[in-house]
Each structure stands twice: as C-alpha cells, then as structure tokens.
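Geometric and topological summary
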Amino acid sequence: MGAENAGGQKDPAVWARGLTKRYGEFLAVRGVDFAVRRGECFGVLGPNGAGKSTTMKMIYGRTPPTEGKLRILGMDARADMRRIKARIGVVPQEDNLDPDFTVIQNLLVFGRYFGLPRRTAAERAERLLEFVGLAERREARVEKLSGGMKRRLVIARALINDPELLILDEPTTGLDPQARQLVWSKMRELRSRGVTLLLTTHYMEEAARMCDRLVIMDQGRILAEGSPDQLIEEHAGPWTAEILLPPDRHEEARRLLDTGSRDVAGGRKREAIRGWESAEDRLLVYTMSAEEARAVGERLRHAGLGGAGFFSRPTTLDDLFLRLTGRTLREG
Amino acid sequence: MDVRAVWAVFARNMDIFRRYWLNNLVSNFFEPFLYLLGMGFGMTRYVTGIDGMSYTAFIAPGIVASTAMFAATFESTFGTYVRMVFQKTFDAIIATPVNVEEVAVGELLYGAAKAGIVGIIILAVVELFGFVPQWHASALLVPLVAVVVGLLFSSLGMTAATLVPQIDHFNYYITLFITPMFVFSGIFFPLGGLPNGVQAVAWFTPLMHAVRMSRELVFGQWTHVAADALWLTVVTAALVWPPVVLLRRKLIR
Ligand SMILES: Nc1ncnc2c1ncn2[C@@H]1O[C@H](COP(=O)(O)OP(=O)(O)O)[C@@H](O)[C@H]1O
Ligand SMILES: [Mg+2]
C-alpha cells in the first residue's frame, strides 16, 4: 500500500479486506478479500443474489460497508468517497438515464455533476457519442433508444469524467447477442487504453472472454480467484469428459475409473483424473488433456457405461462453478 | 456541502423547466388565472369590496402566494418522488461526486425558484389584466414571499416524499393538508369573521401568513408584515433540515 490518501498510480485500483455488508439480519456480502490491479479487467462471476451488485455498490459509494477495509485508487472508501467518485465511472445494473433529456444532454448534465467546465464536457460528450456509436442519435430522446443503445449511452456517461476505473454491473444482461458483442468491443477498447475495468456478470462466456482475472462469488462469499485458465486448471482440469449416464450408474462409473487409474502401471501413462461431478444425467470427469478425456470415455464404453453419449470438450467456468458450489450458474 | 454540487442539481431541474416551459405554464398558471377571472369577475358584482378594495384586488395577492405553494408542493411531492423512485435520477447523481445532502438542497432550492418564477408571472398577469388598479411599490417584494413560501412547502413536500410508501399517498397530503389551507388562509374572505378557534388554527398555517403578508405588501399596509416575515423565516428554517436528513435515510441503506 502507498501512503495514506496518496491515490497514486502504484496503489491497486481496488483493495478489499473482510468487506462485509449486512442488510438488517441478512449478510449480503460476507467478508470478501480481493484486489483489482491497475489496467486489468477484473470480473466478479456469480449467480443472481450472490452479492455482486452489493459489492460494487460499496466500491462506488452507493452503500456503506458494514465492516471491513476498502481502498479505491489508494484512497479510503469511508473517508474519501467524494474524491474517489471523481475518478471512477459507474455503469449500474439498472439503467438510470435521465428520460426527460436527449442523448447529448444526458452527457452534458452529468459533466456538470463532476464540475467539468462546459467546454470540456461538450468536447468529451461529442467524442464519447462517437466512441459508442450514438453520434447520429445525438438529439434523440432516451426513451426512443433500444436496450443496447441505452447501455452504450450509460457507458459513455460513465466516461464523461475520464475515469481511471470503470465499474460495470452486468453490462450486457438483457442484451441480444449483437448488442452484447458491441459492448464487449467497447470494453476491450477501453482496456487497451489503460482503463481498469471491474465488471460483474453471470455469463460464463463474458467472464472467460473479457477478464484477465476473476473471482467466483456465491452467497456473499468468494469461492475462488485467478485467471480463467488458472481457475480451471486449479479447481478442475482443462478438459472435460462429459458422459450421458443415468444418475444411478454414476457410482459404478466412478469406481471403475478409480480402480482403472490405479491399475494401469508401467508403460502406459494413466489418466490423471482431476475430479468429477454428477449433474443430473451427466457425469463430468475433469482431466488434463483431450486424449485423457477421450480415454476416459473409451474405458467407460468398454464397461458398458455411457454408450448413449459422450463428449470430450474444454472445461468451462460453468463446470468450475458447478464444482465449487454443486449448482450450475444457470440454476442461480 | 459543496455549492457547485448543489448548483448542478438545481441546474438539472432548471434545464427540465426550460425544456417543458409550456407544460409548466399550463399546469401552474392556468388554474390561478381561472380563479382570478372567475371568482374575481363573478363575485365582484355581489361583493361590494372588502376593506375598501374590489373583490378581485382582494384575492389577487393571496392567489400569488397560493400558486407558489401549489407549484412547490407538486414539484416536491410528485416531482421529487418520480425522480427518486421511478427515474432513479438521484441514484445516478449520487454515483458522481455530488452527495445526497446536495441533491436534497438542490431540489429544495429548485422548488423555491419555481415558486418564485410562478409568483412573478401571476403578479405580471394581475398587472396586465388590471386586477389591482393601484398597487404600492412594496408589491415588488411579493416574489420574495413566493420564494420563501416555495422553500417552506418544498421542505414539507419533500419530507412527505421521503415518508410515503406509494405515490398515491400524496393525495392524502394534498386533500387533507394543502387544500384546507388554501380555503381557510384568508385568500377568499377575511378570517376576522370566523370563530376564534378557526382563527387560532389558521395562525399555525404558513399560507395564512404568506397571504396576509402578500396582501399588505401589495397595498402598502405594514400592519403584520414584520410579524409574518418573522413567522415564515423561523418556520422555514426549522422545516428545511428534516427532508435533507430523511433523504439520506431513504436512499442510503
Ligand atoms: N437494499 C437491500 N436490502 C435488503 N437486501 C438486499 C438489498 N440489496 C440486496 N439485497 C440482498 O442481498 C443479496 C445480494 O444481492 P445483490 O448484491 O444484488 O446480488 P447480485 O448482484 O449478485 O445478484 C440478495 O439476496 C438480495 O436480495
Ligand atoms: Mg446484481
């Protein structure tokens, strides 16, 4: 950590220790620790109700932490919130554009909240509309915009103060695939310009594609932290053998694979099975390579297990989430 | 409290006011204008003047004060509630360096300014139509009364806005509190003729003081001006802070 209140470039963008939020008796965030480095894209992946938005709201000063330490850009979240807010941008989960104003006015009015000189705000607003591809809708009323356009306008609005850290709470939820791609490309562009991105999502694909590092959050806790590859490597294996199999035969398959792995000695390298998971009528076996995954399927088929269907595929964050929580992300 | 932050909130609302000036004109000026025209012209034939003035002249200053009250009331109840709950405007603002207290104060000042603007325009209409044949130069202070009335009723309205569970509860506030005040504040008839009990109750209502003060300023009588000014100032000062505190309690959990 740098000196108190320094807010210098060397401090992490966000640093949280034991960060906790209680609503009445309910613990929405239960003592989480994490750090977001400067210039990276950091993701918080988790199902609805995990506490992602609450964590973001503590970071952007919308709700005070109940307990724990929280520093943003080297400044203390409790003591320095006004200075912190001047240097971050926020894309909240719910669009809260000003419906009484046009597209351009939304940006100008926001510039005023940041105390920007009128000229500066006007120049930036034009550039930002260009950036998010809304220059032609400059004079449109906000209500006339599509969901994707609104989202892009919220992103432009969050950039009016030229923030070092951009916080995006579920930036693409509810958007169609095309609109989502567009938002992603804008986020990548920002990242390449050195803006630190902190985003929450419950889309596995979004987390895997966008994030340098991420945490997996569930029920107010962080279950794992690392880069997408690292997480998969650590908690499962890069390749998954997925076998369609009635649940009552999973145990049998597991026993077979267990002994199989032990029996094979000497010349042939045995499959390094990193773990398994039963998910309804699917048995997932995590391995270190495509060959090993295929070998697993092979062996089960010889034993008359899993003739109905078998895939060898890369392990996803969805699998990882299942492994960490016993539930899929989609079940929430 | 940062003055520039308060200004930014105030300016946001003023931008909206300018953008929808026609709408504002119709909703704020038309009704008082009808009162002046209808009650004034209609009643003048039957009422041969109160305290030596025509009936229209008698009601005109009170209409200015009550218009200020209504403008501030609607803005701080329905207007504030819509911004706070439906449009999430305050959520957006407090993600910037502007804090909740500055939002509250900006909103209150806007209510006061709107009441002042509305007051000036009604006063101009009164002059334009010659509703008051002879008025005193002290009438120029009436817009100031309108601003204070605006701040006072914005504070009350915003307090209500932070407490009501649903938007339609403002109907209770308006029918049970604002409308009776409008009727019994001495706009349409002198309160002197009412039972002492009613007069005593009226003394506790802000509008009664605003109406009396406006009337005396328009006609250059100074009997109660100082007392009413003091009453309004003290009460306004006391009512301004609760909504500021309550807004934080409502928004920040
Ligand atoms: N203002 C609030 N009051 C009470 N409970 C809340 C409040 N905000 C969120 N919660 C609860 O906290 C939990 C986490 O919510 P949230 O942070 O919004 O999750 P996520 O963004 O991951 O979906 C949920 O169970 C939610 O119901
Ligand atoms: Mg959320």
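The written sequence of each chain sets the order in which its residues are numbered from 1. The naming scheme follows written order: chains are lettered A onward, ligands numbered 1 onward. Local features in this predicted model are restricted to residues whose pLDDT is 70 or higher, and side-chain atom pairs enter the listing and the counts only when it is 80 or higher, whereas totals over whole chains, interfaces and linings include all residues. Remark: hydrogens and water are excluded; side-chain values derive from all non-hydrogen atoms of the structure.

With that settled, consider the side chain of A:Asp319. All names here are of chain A. Secondary structure counts use DSSP, requiring at least four H or I residues in a row for a helix and at least two E residues in a row for a strand, with both numbered from the N terminus. Here Asp319 is to be found in helix 11 (residues 317-325). Distance and chemistry together define a polar contact, namely a pair of N or O atoms within 3.5 Å, with one atom able to donate a hydrogen and the other to accept it when in protein, and with adjacent residues in sequence counting only for side-chain atoms on both sides. A distance of 2.8 Å separates a polar side-chain atom of Asp319 from the backbone nitrogen of Thr316. Two residues qualify as a contact provided that any one of their heavy atoms is within 4.5 Å of a heavy atom in the partner residue. Residues in contact with Asp319, not counting those within four places in the same chain, are Thr240, Leu284, Tyr286, Arg313 and Pro314.

Below, the discussion takes up the packing of helix 3 (residues 55-86) of chain B against helix 7 (residues 170-183) of chain B. Residues and elements named next belong to chain B. Under this scheme, a helix contributes an axis fitted over its contacting stretch, all axes are lines through C-alpha atoms, and angles between N-to-C directions fall in the 0 to 180 degree range. With their axes 12 Å apart at the nearest point, helix 3 and helix 7 run at an angle of 170° to one another. Classed by the angle they form, the pair helix 3 and helix 7 counts as roughly antiparallel. Taken together, the residues of helix 7 that come into contact with helix 3 (itself represented by Ser66, Met69, Phe70, Thr73, Phe74, Thr77, Phe78 and Tyr81) are Phe170, Asn171, Tyr173, Ile174, Ile178, Met181 and Phe182. Three classes are used: nonpolar for Ala, Val, Leu, Ile, Met, Phe, Trp, Tyr, Cys and Pro, charged for Asp, Glu, Lys and Arg, and polar for all others, with Gly counted as polar. Residue classes in the contact of helix 3 with helix 7 are distributed as eleven nonpolar, four polar and no charged. In this scheme, roughly parallel covers angles under 35 degrees and roughly antiparallel covers those over 145, while 65 to 115 is roughly perpendicular and the rest are oblique.

A separate point is the coordination of the magnesium ion (ligand 2). All names here are of chain A. Distances up to 2.8 Å from the metal define which N, O and S atoms are donors, and 3.2 Å serves for Na, K and Ca; water is absent from the atom set, so sites may look incomplete. The coordination sphere of the magnesium ion (ligand 2) contains the protein donors Ser53 (OG) and Gln93 (OE1), at a distance range of 2.0 to 2.1 Å. With Ser53 in helix 1 (residues 52-59) and Gln93 in the loop between strand 6 (88-91) and helix 3 (103-113), this residue pair connects regions lying 40 residues apart in the sequence. Accessibility here uses a 1.4 Å probe with only protein chains present; expressed as a share of the type maximum, an area under 20% marks a residue as buried, one over 50% as exposed, and anything in between as partly exposed. What makes Ser53 buried here is its relative accessible area of 17%.

Here, nonpolar core means buried Ala, Val, Leu, Ile, Met, Phe, Trp, Tyr and Cys residues that are tied together by side-chain atoms lying within 4.5 Å of each other. Of all hydrophobic cores here, the largest spans 131 residues; its most connected members are A:Leu153, A:Leu166, B:Met69, B:Phe153, B:Leu207 and B:Leu247. When residues of this core are assigned to their parent elements, the largest contribution, 15 residues, is made by helix 3 of chain B. Look past the residues within four positions of A:Leu166 in its chain and what remains in contact with it is A:Gly89, A:Val90, A:Val91, A:Ala158, A:Leu159, A:Leu190, A:Val195, A:Thr196, A:Leu197 and A:Leu198. Formed by 30 residues, the second largest nonpolar core is a distinct cluster that contains A:Val29, A:Phe34, A:Met58 and A:Met81.

Residue and element names in this part refer to chain A. With respect to spatial proximity, the complete set of residues near ligand 1 consists of Tyr23, Phe26, Ala28, Pro47, Asn48, Gly49, Ala50, Gly51, Lys52, Ser53 and Thr54. Between ligand 1 and Gly49, the relevant distance is 2.7 Å, taken from an oxygen atom to a main-chain nitrogen or oxygen of the residue. We get accessible surface area from the Shrake-Rupley algorithm with a probe of 1.4 Å; when it comes to residues, only the shown protein chains can shield them. Here ligand 1 has 560 Å² of accessible area as a free molecule, and 62% of this is covered by the chains. Every element with two or more residues in the shell around ligand 1 is listed here: strand 2 (26-36) and helix 1. No other element matches helix 1, which puts three residues into the shell around ligand 1. For this description, a residue counts as near a given molecule or strand if any of its non-hydrogen atoms is within 4 Å of it.

Quick look at the packing of aromatic side chains now. The rule is short: rings of Phe, Tyr and Trp, with Trp giving its six-membered ring, pair when the centres are within 6.5 Å, and they are stacked under 30 degrees, edge-to-face over 60, tilted in between. In this structure the tally under the stated criterion is 20 aromatic pairs over all chains. A centroid spacing of 5.5 Å and a plane angle of 75° characterise the contact between A:Phe110 and A:Tyr113, whose relative ring orientation is edge-to-face. Of the two residues, A:Phe110 and A:Tyr113 both sit in helix 3, three residues apart, roughly one turn of that helix. Each member of the pair, A:Phe110 as well as A:Tyr113, carries the same accessibility label: buried. Seen from their ring centres, B:Phe70 and B:Phe182 are 5.2 Å apart, and the 70° between their planes marks the pair as edge-to-face. One end of the pair, B:Phe70, is in helix 3; the other, B:Phe182, is in helix 7, and 112 residues separate them in sequence. A single burial state applies to B:Phe70 and to B:Phe182, both of which are buried. Taken together, the ring pairs connect B:Tyr35, B:Phe70, B:Phe74, B:Phe78, B:Tyr81, B:Phe86, B:Phe170, B:Phe182 and B:Phe188 into an aromatic cluster. Criterion for a charge above a ring: Arg CZ or Lys NZ at most 6 Å from the ring centre, at most 35 degrees from the ring normal. Lying across the ring of A:Tyr203, A:Arg180 places its NZ or CZ 4.2 Å from the centre. In this structure, B:Arg215 packs its charged tip against the face of B:Phe58, placed 3.7 Å from the ring centre.

A word on the sheet that holds strand 1 (residues 14-23) of chain A. Residues and elements named next belong to chain A. In space, the four strands of this open sheet follow the order 2-1-4-5, with antiparallel pairing throughout. Whereas interior strands pair on both sides, the edge strands pair on one side only; in this sheet they are strand 2 and strand 5 (75-76). Strand pairing is assigned whenever DSSP detects at least two bridges linking the two strands. Here strand 1 runs beside strand 4 (residues 67-72); their pairing, made up of five bridges, is antiparallel. Bridged to Thr20 within strand 4 is Glu67. Helix 1 rests against strand 1, strand 2 and strand 4 of the sheet, and its axis sits at about 115° to strand 1.

All names here are of chain A. The residue Leu73 is not glycine, and still its phi comes out positive at about 50°. The phi dihedral of Gln219 falls on the positive side, at around 50°, and the residue is not glycine. Here Gln219 shows up in the loop between strand 9 (213-218) and strand 10 (221-226). Classification of Gln219 by relative accessible area gives exposed; the value is 52%.

As a further point, take the domain arrangement of chain A. Where a domain begins and ends is set by an automatic assignment or by a domain database. What the domain assignment reports for chain A is domain 1 (14-227) and domain 2 (237-314). The straight-line distance from the C-alpha centre of domain 1 of chain A to that of domain 2 of chain A is 41 Å.

In this section: the interface of chain B and chain A. Taken together, the contact between chain B and chain A spans 27 residues of the former and 27 residues of the latter. Using a 1.4 Å probe, buried area is obtained as the accessible area two parts lose upon being combined, added over both of them. Summing both sides of the interface, chain B and chain A together bury roughly 2300 Å²; the carbon and sulfur share of this comes to 52%. Per-residue buried area on chain B facing chain A is highest for B:Arg19, B:Ala95 and B:Pro97; these three make up 24% of the total on that side. A side-chain nitrogen of Lys or Arg and a carboxyl oxygen of Asp or Glu constitute a salt bridge if their distance falls within 4 Å. At the junction of chain B with chain A, the criterion picks out five salt bridges. Measuring nitrogen to oxygen at the nearest pair gives 2.7 Å for the salt bridge that ties B:Asp15 to A:Arg112. Applying the counting criterion to the chain B and chain A interface returns twelve residue pairs in polar contact (both at pLDDT 80 or more). Elements supplying a minimum of two residues to the side of chain B that touches chain A: helix 1 (3-19) and helix 4 (89-93) of chain B. With nine residues, helix 1 of chain B is the single largest residue contributor to the side of chain B that touches chain A. Of the residues belonging to the side of chain B that touches chain A, the class tally is 14 nonpolar, four polar and nine charged.

With that settled, consider the pairing of strand 2 of chain A. All names here are of chain A. Bridging between strand 1 and strand 2 involves eight bridges; their strand directions are antiparallel. Bridging from a neighbouring strand, Tyr23 pairs with Phe26 of strand 2. If you look at the hairpin formed by strand 1 and strand 2, you'll find two residues sitting between the two strands, and Gly24 has a positive phi there, around 60°.

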